[in-house]
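# Coordinates in review
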Amino acid sequence: MIGKLLDVRRSLPAGLAAMFTLAVVIMLSAMADSTMRPLPAAAPVEQFSAERALVHLKRFAAEPRPIGSPANERAQTYLAGQLRAAGLEVEVQRAVGGWSAAGLAAFGQVDNIVGRLPGTDTTGTVLIAAHYDSAAMGPGASDDGAAVAAMIETVRALRAGPGPRNDIVLLMSDGEEDGVLGAEAFVREHPLGRAGGVLLNWEARGVSGPSLMFETSRNNARLVETFAGAVPAPRGHSAMVELYRLLPNNTDFTPLTKAGFAGMNFAYIQRSSLYHTVGDSIANLNRGSLQHHGSNMLALARALGGADLPALAADHDVTYFRALGVMITYPGQLGWPLAVLAVVAVAGLALVARVRRMLSLPRLLVGVASAVVPPAVSAALAQGLWELLVSWRPAYDLMGGLLHRPWPYQAAIVVLCALAVLGWYLLLRRALGPAALLIGALAWLAGLGVLCAQVAPGASFLFALPALAGAVGWLGALLLRAPVWARIVVAMLGPVTAAMLLPGLTRDVFDGMGLALGGVSALTLALFGLMVVPVGELFLPDPATRPKRTAVLAVPLTALLLAAGLVAAGLVVDDFDADRPRRTHLAYVMDAGTRTAHWVSADADPARWTRQYVSGRDVSALPAGYARGTLWTGPAPAIAAEGPRADVLAHSADTLKLHVTASTGTRSVTLRFDQPITHATASAGRFGSVGVPITGTRTGTWPGEIRFRGLPAQGVQLTVRIRAKDRIRLTVIAETDGLTAVPGFVPRPPDLVAATREDGDLTAVTRSYALTADPLPPLP
């Protein structure tokens, strides 16, 4: 396109200079998004020090601390003590939290730590929140121990200077991993949870990377302005906000903002293969990520602590992103004008190209229609590659696409995207001409900008700005009377803009979603390719020249061989070892009525260690309602355990009231019903009660399920509304962490860790019931 429009014949130096420029822009953008340098313990007292925060992290995050566990209680005691020692007003809120999903109600007894630093002339509350519980499979040094340790160091630094104007409240919530139970209880029962204010929530989905501001409440204009101006290293962009709003995921941020808090949510997401595993450890935590979390936390605590909080209210969102290290923001209302302007600019470029006889209307229409092919093919190839990888190495499926060493596979996806884009361009270049292909590509980016302006305004800039810059750049190159080199520079405006935005988005998607959703990353890569491929005209002969057969075959064969080589390298490089272990699922289940026991694994292809416990697919002998999905099973020895009990307190046509108890040491119970349930209420004595509505049904098992985590010694009372039926079958599962109580159990070797499935690494003892209006005894 450059050669055709600017009357430049093939020019290797100009082409190399253009490609070098794009490479430099991508590299500088990546460097500008790096983490911070950790500060030592000797850093000035008014600064945040990762090394000082690490001292606290080592005291409570060296072992798993799921809700209701002894380690969780020890962490709560230590953290509350540290806040008291810092001079805060501290209370431990003990309550029952509740949450529901399709066919499921989850409850838990939570101990939220609430610390308050009163302001000198308060205009409201600044709530800093993170959860101190961890997943049962790992110590949670990053998720979310690092943020909790950062809160203690932040309070220390705040106390070293002038007191804040506004109240600073620290919420160290419990039960986040089991359904944001602590945050739900805080906003439902605690006065500070109902008072509203400005929220800063801190999370992690990996053990490394910059601290990203990935979610905000609605009407975020003043908050983003504060963020961009206050923190020393702002990271994140508004497309993350839009993407996260579309996902089913949630954090404590969700119930807190639903309760009226305005706020921002932060996380680091690199090396996510260790997320929710034993690898989420202090040894693997990137100290720079801890520093980034803490430096931003302290800066925002100071800025918001001294602000007029009501003045931060706004009536609109802003678009924000970084370009070469500079944070750019503009009102979200500009999304539509910029998107429309991009469409107008592309149409203007098409008109000028048509007037200059560089294309015809039919060729333009074909060019626009065909430009959808490279992104679609790229996405299909990336997803197809993932399916092949899972078929060759089934252990990848348990990792959800979050691999230890994904870079060879990511490089293979880059090559496949390049093949799709180049193949489209080279096949149609002679028939349609470069102008039709370029304008077709710009038309799709402009169209995506318009679509996002409607459904996800904060993401529109990713497409509208490159399309606008590209169209304006090419118009300038065509219309300006300037030396050829100057017109080439102007024509590079679109590719350079795309290079600042789209590769970074691709990296974020790879980090956050992994290869299981590699098609999304491939889509953004292909769109970047559409912007860049016209630069190839500086390397190509005149479009009228018929390419040689060898050249036509060489490009796809070379790309395919390179991609195959990268995949082969990935299979070698991304092997499992003690530092980067494979995941495997294993559980023990015993029917207390029959005293029969089994090992259970949900692995598609169990590891050698797992196969010593499971040998077949027969699930018929498992307790009724226990099996979920396709399982491997094997016989196991019985253990000395009484099992849970469910005593019927009342049973009407549509309501069932139960008192559920279990033996000492049981951390949680799960109840499964063979009928759908529509509402559930859990009561735990002086800790209170909570009820949640339930819609839909569970899949892969019985349709209704209730979980209670952190089971009190006296048990829990459950009231369930269930569709009327003469006979209801119920299975109660008492769950204890770990498998060491089972005779003959041998711990995993170092290259294996527990999978993240919630029923893994549990000793489960069940009891089944058949219930009618006149309760029957347990089934034999």
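Presented here is an overview of the structure given in this document. Keep in mind the model is a prediction, meaning the values are calculated, not measured. (Residues numbered from 1 in each chain as written. Predicted model: local features only at pLDDT ≥ 70, side-chain atom pairs only at ≥ 80, totals over all residues. Heavy atoms only, no water.)

This next bit is on unusual backbone geometry. Of the consecutive residues Asp 143 and Asp 144, the connecting peptide bond is found in the cis state with omega at 10 degrees. As for its placement among the helices and strands, Asp 144 is situated in helix α5 (residues 141-159). Despite not being glycine, Val 180 shows a phi value in the positive range, around 45 degrees. Examined against the element boundaries, Val 180 turns out to sit in the loop between β4 (167-173) and α6 (181-189). The residue Leu 324 is not glycine, and still its phi comes out positive at about 55 degrees. Summarising the element assignment, Leu 324 is placed in the loop between β8 (318-323) and β9 (326-331). Overall, the relative accessible area of 43% leaves Leu 324 in the partly exposed class. (Helix = DSSP H or I, 4+ residues; strand = E, 2+ residues; numbered from the N terminus. Buried < 20%, exposed > 50% of the residue type's maximum accessible area, 1.4 Å probe, protein only.)

Next up on the list: the pattern of salt bridges. Per the stated rule, a full pass over the model turns up 24 salt bridges. A salt bridge links Arg 156 to Glu 153; its shortest N-O distance comes to 2.9 Å. With Arg 156 and Glu 153 both in helix α5 and three residues apart, the pair spans about one turn of that helix. In this structure Arg 156 comes out as partly exposed when scored by relative accessible area, which is 26%. Exposure remark for Glu 153: the relative accessible area of 1% places this residue in the buried category. (Salt bridge = Lys/Arg side-chain N within 4 Å of Asp/Glu carboxyl O.)

Turning next to the environment of Gln 47. Residue placement: Gln 47 occurs in the loop between α2 (12-32) and α3 (50-60). Taking the C-alpha atoms as reference points, Gln 47 and Ser 295, separated by 248 residues in sequence, lie 7.7 Å from one another. Once residues within four sequence positions are removed from consideration, Gln 47 is found in contact with Leu 39, Arg 52, Glu 153, Arg 156, Ala 157 and Leu 298. (Contact = heavy atoms within 4.5 Å.)

Once that is clear, we can look at the sheet that holds strand β15 (residues 655-661). Reading across from one edge, β14-β15-β20-β17-β18 is the order of the five strands in this open sheet, with antiparallel pairing throughout. One side of each edge strand has no neighbouring strand; the edge strands of this open sheet are β14 (645-651) and β18 (689-693). On average, each strand axis in the sheet is tilted by 20 degrees relative to the strand beside it, whichever way the strands run. Of the pairings in the sheet, the one linking β15 to strand β20 (residues 716-722) comprises six bridges and is antiparallel in character. If you follow Lys 657 over to β20, its bridge partner there is Thr 719. (Pairing = 2+ DSSP bridges. Axes fitted to C-alpha atoms, helices over the stretch in contact; angles between N-to-C directions.)

A few words on the packing of helix α19 (residues 484-491) against helix α20 (residues 493-513). Close contact between α19 and α20 brings their axes to 4 Å; oriented N to C, the two are set at 35 degrees. Contacts between α19 and α20 involve Val 489, Val 490 and Ala 491 on the former and, on the latter, Leu 493, Gly 494 and Pro 495.

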